[in-house]
Amino acid sequence: MNKRGFTLIELLVATLLFLISVLSFGYILKVGMVSVETASRLNNGLFVLQSKAEELRARPFTSLMLLNGKTFANGKGKIKVVSALADLAKIDFELYWDSNKAPINFTTLRSKY
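Calculation criteria
- Residues numbered from 1 in each chain as written.
- Predicted model: local features only at pLDDT ≥ 70, side-chain atom pairs only at ≥ 80, totals over all residues.
- Heavy atoms only, no water.
- Helix = DSSP H or I, 4+ residues; strand = E, 2+ residues; numbered from the N terminus.
- Buried < 20%, exposed > 50% of the residue type's maximum accessible area, 1.4 Å probe, protein only.
- Pairing = 2+ DSSP bridges.
- Salt bridge = Lys/Arg side-chain N within 4 Å of Asp/Glu carboxyl O.

Quick look at unusual backbone geometry
In step 1: Despite not being glycine, Ala 73 has its phi angle at roughly 55 degrees, a positive value.
In step 2: In this structure, Ala 73 sits in the loop between strand S1 (71-72) and strand S2 (77-85).
In step 3: Given a relative accessible area of 30%, Ala 73 falls into the partly exposed group.
In step 4: The backbone of Asn 74 shows a phi angle near 55 degrees, a positive value even though the residue is not glycine.
In step 5: Accessibility expressed as a relative area gives 84% for Asn 74, which makes it exposed.

Printed below as a string of structure tokens:
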């Protein structure tokens, strides 16, 4: 029996183990890239909502009711304004940031004062 080299079975097992590890690494890399892309889109969606909320904060209180049912972000977002009290308005934002995900809902209150 020759003990100086590897047998064909040992080479096949080593190649199979190497192939499994490379494929596993590739799958993990793909899942990581999808997660980073999804997080980036979510972050952009939250930035759009924050920007829109700040824009409404700068508007006069009397003009808020006119925004009920208006859209923003190229039709992906919708504003709903409800009068809670005479001097208080509830503003709901809904943004469809990804067609495969549930929308982001954001609610805030705005006072007349």
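Notes on the sheet that holds S1
In step 1: The sheet built from 4 strands is open, its strands ordered S1-S2-S3-S4 with antiparallel pairing. The sheet is open, and its two borders are formed by S1 and strand S4 (104-111), each paired with just one other strand.
In step 2: Both S2 and strand S3 (residues 88-95) contribute to a ladder of 8 bridges, which runs antiparallel. Within S3, the position partnered with Lys 80 by the bridge is Asp 92.

Structural notes on the pattern of salt bridges
In step 1: Here the structure, examined in full by the defined rule, presents 4 salt bridges.
In step 2: Asp 98 serves as the salt-bridge partner of Arg 41, at 3.4 Å between the closest nitrogen and oxygen. With a gap of 57 residues between them, Arg 41 in helix H1 (residues 8-58) and Asp 98 in the loop between S3 and S4 connect regions that are remote in the sequence.
In step 3: Under the relative-accessibility criterion, Arg 41 is labelled partly exposed at 31%.
In step 4: Salt bridges sharing common partners tie together Glu 37, Arg 41 and Asp 98.

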